[in-house]
Amino acid sequence: MMEKVLVVDDEPSIVTLLRFNLEKAGYSVITAPDGKAGLKMAMEESPDFIVLDLMLPGMDGMDVCKTLRQEKIKTPILMLTARDDEFDKVLGLELGADDYLTKPFSPREVIARVKAILRRTNMNETPAATEDQVSVIKIGELTIYPDKYEAELSGTKLELTPKEFELLLYLANNQGKVLNRHQLLDAVWNYDFAGDSRIVDVHISHLREKIEEDTKQPLYIKTIRGFGYKLEKP
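This is a predicted model, so every value here is computed, not measured.

J.: What is the right way to look at the pattern of salt bridges in this model?
T.: A side chain with one charge may pair with a side chain of the opposite charge, provided their charged atoms come close. For the coordinates displayed, the defined rule picks out 16 salt bridges. Ionic pairing is found between D98 and K163, a salt bridge with its closest N-O pair at 2.9 Å. Residue D98 is found in the loop between α4 (86-94) and β5 (99-102), and its partner K163 is found in helix α6 (residues 162-173); the two are separated by 65 residues along the sequence. Judged on exposure class, the residue D98 and its partner K163 are both buried. A single salt-bridge network, built from bridges that share partners, covers D9, E11, D53 and K103.

Structure, rendered in structure tokens:
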């Protein structure tokens, strides 16, 4: 069965370009011209992937992304931004988008991003585990349940985005090792971000806000200046 991609954009030329190239790459494509229609289709049509424009009439891409994540819908989202604005990119990632591209973009780049994100998502999908099958990683007061995609700190469940969880899990699986930004990009995002390591720093910052008592003096996720990050037992 073909994977279904929802394209939400109010520019007919962009929609036509994306539909043609996505269908050529073997995907089934559905489209929406604005944010409200896109949100409705995302919730009713259960697409495998969403290409979401930031600037949309009525309800913008940020609100669509935020609403989907609040509804616990984890469909991968590639956000399109009309300008090279770092604030927009970072905010989109904070709200739960998996990646971003700045217009104008290459259709080949869009296809590459969609394939990479779907490949990683499919690799992470495992059958539900019974309680006695769930593997557990314990580091200090931090407990990670890889099979359940959950983590707790001192017995309290952490509210993590999918990317934050994947980053935390990778750091935990490499406890004590210093990992540079490029290693983390390759492992968690599974493709080259063209040297844009800001995405790693943003997610590290948000992880610290959720697991560290004092983000300026972190006990778990340490910055190794000039090298990268490592997670260790306090």
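J.: Explain the side chain of D98 to me, please; I cannot follow it from the model alone.
T.: Note on D98: relative accessible area 7%, which makes it buried. Aside from chain neighbours lying at most four places away, what touches D98 is R69, T75, P76, I77, L93, I117, R120, K163 and W189.

J.: Would you take a moment to explain the UniProt feature "modified residue: 4-aspartylphosphate" (unreviewed entry) in the protein for this structure?
T.: The UniProt entry lists D53 under the feature "modified residue: 4-aspartylphosphate" (unreviewed entry), expressed in the numbering used here. The topology assignment puts D53 in strand β3 (residues 49-53). The class for D53 is buried, based on a relative accessible area of 2%. Apart from the residues lying within four places of it in its own chain, the contact partners of D53 are V8, D9, D10, G61, L80 and K103.

J.: Got a minute to help me understand the layout of surface pockets in this structure?
T.: Sizing a probe to match a water molecule and rolling it over the atoms shows the empty space that remains. Approximately 590 Å³ is the volume attributed to the second largest pocket. In this structure, the second largest pocket is lined by 23 residues; those nearest its centre are K72, E159, L160, T161 and P162. Of all the elements in the fold, those that place two or more residues in the lining of the second largest pocket are α3 (61-70), β8 (150-153), α6 and α8 (198-211). Among the residues making up the lining of the second largest pocket, the classes are represented as 8 nonpolar, 4 polar and 11 charged.

J.: Just checking my understanding: could you explain the packing of aromatic side chains for this structure?
T.: Between two aromatic rings, the relevant description is the distance of the centres plus the angle of the planes. A complete count under the given rule lists 1 aromatic pair for this structure. The interplanar angle of 35° and the centroid separation of 4.5 Å between the aromatic rings of Y149 and F165 together place this pair among those described as tilted. Of this pair, Y149 sits in the loop between β7 (142-145) and β8 while F165 sits in helix α6, and the two are 16 residues apart along the sequence. Take F165: its relative accessible area is 2%, and that puts it in the buried class. Geometry around Y145 places K148 over its ring, the cationic atom sitting 4.6 Å from the centre.

J.: Quick question: what am I supposed to make of empty space enclosed by the protein here?
T.: Per the counting criterion, the structure on display carries 1 cavity of 30 Å³ or more. The space that makes up the largest cavity amounts to roughly 40 Å³. Every residue along the wall of the largest cavity is listed here: R69, L93, G96, A97, D98, T161, P162, K163 and H203. Here the lining of the largest cavity is composed, by residue class, of 3 nonpolar, 3 polar and 3 charged.

Rules behind the numbers
- Residues numbered from 1 in each chain as written.
- Predicted model: local features only at pLDDT ≥ 70, side-chain atom pairs only at ≥ 80, totals over all residues.
- Heavy atoms only, no water.
- Salt bridge = Lys/Arg side-chain N within 4 Å of Asp/Glu carboxyl O.
- Helix = DSSP H or I, 4+ residues; strand = E, 2+ residues; numbered from the N terminus.
- Buried < 20%, exposed > 50% of the residue type's maximum accessible area, 1.4 Å probe, protein only.
- Contact = heavy atoms within 4.5 Å.
- UniProt positions renumbered as here; feature names shortened; annotations may be inferred.
- 1 Å grid on protein atoms, 1.4 Å probe; cavity = no way out; pocket = protein on both sides within 12 Å on 5 of 7 lines; lining within 4 Å.
- Points joined across faces, edges and corners; volume = space filled by probe spheres on them.
- Nonpolar A, V, L, I, M, F, W, Y, C, P; charged D, E, K, R; others polar.
- Phe/Tyr/Trp six-rings, centres within 6.5 Å; stacked < 30°, edge-to-face > 60°.
- Lys NZ or Arg CZ within 6 Å of the ring centre and 35° of its normal.

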